[in-house]
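The chain contents come next:
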Amino acid sequence: MGVFETIGTETHESVHFGVDAATGLEAIVAIHSTVLGPALGGTRFYPYTDDDAALVDVLRLSQGMTYKAAAAGLTQGGGKAVIIGDPTELGSDDLFRSYGKFIDGLAGRYITAEDVGTTVPNMEVVATMTPFVRGLSIETGGSGDPSPGTARGVVAGLSAVSNHLWGTRDLHGRRIAIKGVGKVGYALGRMLTAQGVELVVADVNEIATDVAEHDFGAKVVAVDEIHKVDCDVYSPCALGSDLNRDSIQRLACSAVVGSANNQLAEPADADRLTARGILYAPDFVVNAGGIINIAAETGGYSIEKSNMMIDRIYDNLTEILTRSDALGISTEEAAEHLAEARIKAAQRQGEES
Ligand SMILES: NC(=O)c1ccc[n+]([C@@H]2O[C@H](COP(=O)([O-])OP(=O)(O)OC[C@H]3O[C@@H](n4cnc5c(N)ncnc54)[C@H](O)[C@@H]3O)[C@@H](O)[C@H]2O)c1
């Protein structure tokens, strides 16, 4: 398929290809929008089956970043990068230096960070060639691991949902089922336990569930049981497409609030949740804490500044839930409207000035 055919009808500001035969670098940067600010998004290093698959992924992910940043109220646009190949075979420092030069050539329209398949040490190598990198370690002046920030954002989302459904932000005594107690799920479990929440967890990794049982007194259930757990909130913190035709039928909760990206397997799943009377907190709104933490590096990072910015997820989600009720649309649609309205307002301002 031709490149423009693959890109299809979605509008992206620009798409850039970086190639370096000496290091094996084959990278694509998609800049979806810089209306709100420079396009921010991580670098995914993945052995895609072919170039088309990589292009489709980077286009989709960069668009998602525009919506995530806009819904979070950040002055950042949306972009994403992919490097094609197996990071364990190809991920040399030479490759990341070459990649850094490529990113530098985009002159700050795109700012990168780590993502699936890349690490903070990789990004530190990239940073030797370009200033347009974020999410470096605290020791090198960055914001460190974004996972605690992401978990904090999920807690803000849970409080907003609790206030909307039960008239209180207080989560004490609630029962929350977490699928996936990895970096975010664990940090979330720690924060919720401190607030007196009763936890039920499931994970394919037995060590992760043992730790959650030991540290939080969490009840452990099998992975194929977690959707059925009778609870106040179900929190998907593992992989995407967790909410689908089958799993939604099994849910026994009042709301879904979790960190996983792309939780809905297909757009119709938002309506399936509504039809079952389950309040869905759109993933790209409640899992924005990590990107907000990274954006907080602009102008000098501090944890206090980052936390303050992350806690705004409470107000953002409250606005979305209120609009969803008022307009009779799904929460997903209401979240998209909010993001689009912020982008359009910035566009108008840009045209007027
Ligand atoms: N880390 C962040 O700051 C961040 C930011 C935004 C979104 N997210 C999203 O949140 C989710 C979790 O991210 P993470 O950084 O904690 O990843 P992670 O890899 O540290 O944790 C994921 C956990 O899910 C478990 N898991 C995987 N497949 C499973 C399955 N089928 N059933 C049950 N458990 C399963 C893994 O064993 C692991 O413990 C991902 O979808 C990620 O894209 C993470």
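Keep in mind that this is a model prediction, so the values were computed, not measured.

Rules behind the numbers
Residues numbered from 1 in each chain as written. Predicted model: local features only at pLDDT ≥ 70, side-chain atom pairs only at ≥ 80, totals over all residues. Heavy atoms only, no water. Helix = DSSP H or I, 4+ residues; strand = E, 2+ residues; numbered from the N terminus. Rg over C-alpha atoms; globule rule 2.2 N^0.38 Å. Buried < 20%, exposed > 50% of the residue type's maximum accessible area, 1.4 Å probe, protein only. Contact = heavy atoms within 4.5 Å. Near = heavy atom within 4 Å. Polar contact = N/O pair within 3.5 Å; in protein donor to acceptor, adjacent residues only side chain to side chain. Areas by Shrake-Rupley, 256 points an atom, 1.4 Å probe, with all protein chains shown as cover. Nonpolar A, V, L, I, M, F, W, Y, C, P; charged D, E, K, R; others polar. Disulfide = S-S within 2.5 Å. Axes fitted to C-alpha atoms, helices over the stretch in contact; angles between N-to-C directions. Parallel < 35°, antiparallel > 145°, perpendicular 65-115°, else oblique. Salt bridge = Lys/Arg side-chain N within 4 Å of Asp/Glu carboxyl O. Phe/Tyr/Trp six-rings, centres within 6.5 Å; stacked < 30°, edge-to-face > 60°. Lys NZ or Arg CZ within 6 Å of the ring centre and 35° of its normal. Pairing = 2+ DSSP bridges. Core = buried A, V, L, I, M, F, W, Y, C linked by side-chain atoms within 4.5 Å. Domains from an automatic or database assignment.

## Observations regarding the overall build of the chain
Line of reasoning, step 1. Of the regular secondary structure elements, the chain holds 15 helices and 12 strands.
Line of reasoning, step 2. In terms of overall size, the chain behaves like a compact globule, its C-alpha atoms giving a radius of gyration of 20 Å where 353 residues would be expected to give roughly 20 Å.
Line of reasoning, step 3. Going through the 353 residues of the chain one by one, you find that 54% of them count as buried.
Line of reasoning, step 4. Of the contacts formed within the chain by residues at least 6 apart in sequence, a portion of 63% connects residues at least 24 apart.

## A few points about the site of the ligand
Line of reasoning, step 1. The immediate surroundings of the ligand are formed by 20 residues, with Thr150, Val184, Asp203, Ala238 and Ser259 found nearest.
Line of reasoning, step 2. Val204 places a polar main-chain atom, nitrogen or oxygen, 3.4 Å from a nitrogen atom of the ligand.
Line of reasoning, step 3. Coverage of the ligand by the protein chains reaches 73% of its 830 Å² of free accessible surface.
Line of reasoning, step 4. Here the residues of the shell around the ligand sort into nine nonpolar, eight polar and three charged.

## Focus: the state of the cysteines
Line of reasoning, step 1. Counted according to the given criterion, the structure contains zero disulfides.
Line of reasoning, step 2. As a non-bridged cysteine, Cys237 has Cys231 as the owner of its nearest cysteine sulfur, 12 Å distant.
Line of reasoning, step 3. When its relative accessible area of 10% is taken as the criterion, Cys237 is described as buried.
Line of reasoning, step 4. Its sulfur unpaired, Cys253 is 5.0 Å from the next cysteine sulfur, which belongs to Cys231.

## Considering the packing of helix α2 (residues 51-71) against helix α15 (residues 331-352)
Line of reasoning, step 1. Between α2 and α15, whose axes approach to 8 Å, the crossing angle comes to 85 degrees. With respect to their mutual orientation, α2 and α15 come out roughly perpendicular. Of the residues in α15, those touching α2 at Thr66, Tyr67, Ala70 and Ala71 are Glu336, Leu338, Ala339, Glu340, Arg342 and Ile343.
Line of reasoning, step 2. In terms of residue class, the contact of α2 with α15 is built from six nonpolar, one polar and three charged.

## A look at the pattern of salt bridges
It is possible for side chains of opposite charge to pair when their charged atoms get near one another.
Line of reasoning, step 1. Per the counting criterion, the structure on display carries 13 salt bridges.
Line of reasoning, step 2. We note a salt bridge from Arg97 to Asp94, for which the minimum N-O separation is 2.9 Å. Pair noted here: Arg97 and Asp94 are both in helix α4 (residues 93-105), with a separation of three residues, about one helical turn.
Line of reasoning, step 3. A salt bridge links Arg272 to Asp269; the shortest N-O distance between them is 2.5 Å. Separated by three residues within a single helix, Arg272 and Asp269 lie in helix α10 (residues 268-275), roughly one turn from each other. Side by side, Arg272 and Asp269 carry an identical accessibility label, which is buried.

## Quick word on the environment of Pro47
Line of reasoning, step 1. Take Pro47: it is sitting in the loop between β4 (43-46) and α2.
Line of reasoning, step 2. Between the alpha carbons of Pro47 and Gly85 there is a distance of 4.0 Å; along the sequence they are 38 residues apart.
Line of reasoning, step 3. If we ignore the near neighbours within four places in the chain, the residues touching Pro47 are Gly85 and Asp86.

## Describing the packing of aromatic side chains
Line of reasoning, step 1. Here the structure, examined in full by the defined rule, presents five aromatic pairs.
Line of reasoning, step 2. Arranged with centres 5.9 Å apart and planes meeting at 70 degrees, the rings of Phe45 and Phe96 form a pair that is edge-to-face. Here Phe45, found in strand β4, pairs with Phe96, found in helix α4; they are 51 residues apart in sequence, far enough to count as distant.
Line of reasoning, step 3. Its guanidinium or amino end placed over the ring of Tyr314, Arg169 lies 3.8 Å from that ring's centre, counting from NZ or CZ.

## Focus on the sheet that holds strand β11 (residues 255-256)
Line of reasoning, step 1. Read from one edge to the other, the open sheet built from six strands follows the order β9-β8-β7-β10-β11-β12, with strand pairing classed as parallel. Of all strands in the sheet, those with a lone pairing partner are β9 (219-220) and β12 (279-280), marking the two edges.
Line of reasoning, step 2. Note that strand β7 (residues 175-179) and strand β10 (residues 233-236) share four bridges and pair parallel. In the strand pairing of β10, Lys179 is matched with Pro236.

## What about the nonpolar core?
Line of reasoning, step 1. In this structure, Leu158, Ile178, Leu188, Leu192 and Ile292 are the most contacted members of the largest nonpolar core, which totals 62 residues.
Line of reasoning, step 2. At seven residues, helix α6 (residues 147-166) tops the list of elements feeding residues into this core.
Line of reasoning, step 3. Mapping this core onto the domain boundaries places at least three of its residues in each of domain 1 (3-140) and domain 2 (147-288).
Line of reasoning, step 4. With near-sequence residues (within four places) excluded, Leu188 lies in contact with Ala151, Val154, Val155, Leu158, Ile178, Ser235 and Cys237.
Line of reasoning, step 5. By size, the runner-up hydrophobic cluster in this structure holds 20 residues, among which are Ala39, Tyr99, Val133 and Leu136.

## Regarding the pairing of strand β5 (residues 77-84)
Line of reasoning, step 1. Burial runs high along β5: eight of the eight residues are buried.
Line of reasoning, step 2. Residues of β5 alternate between two faces, with Gly77, Gly79, Ala81 and Ile83 on one and Gly78, Lys80, Val82 and Ile84 on the opposite face, all of them buried.
Line of reasoning, step 3. Two elements, strand β2 (residues 25-33) and β5, share six bridges in a ladder whose sense is antiparallel. For Ile31, the partnering residue across the bridge sits in β5 and is Gly79.
Line of reasoning, step 4. Relative to β5, strand β3 (residues 39-40) runs parallel, the two being bridged by two bridges. Paired with Leu40 across the strands is Gly78, a residue of β5.
Line of reasoning, step 5. Pairing of β4 with β5 involves four bridges; the strand directions are parallel.

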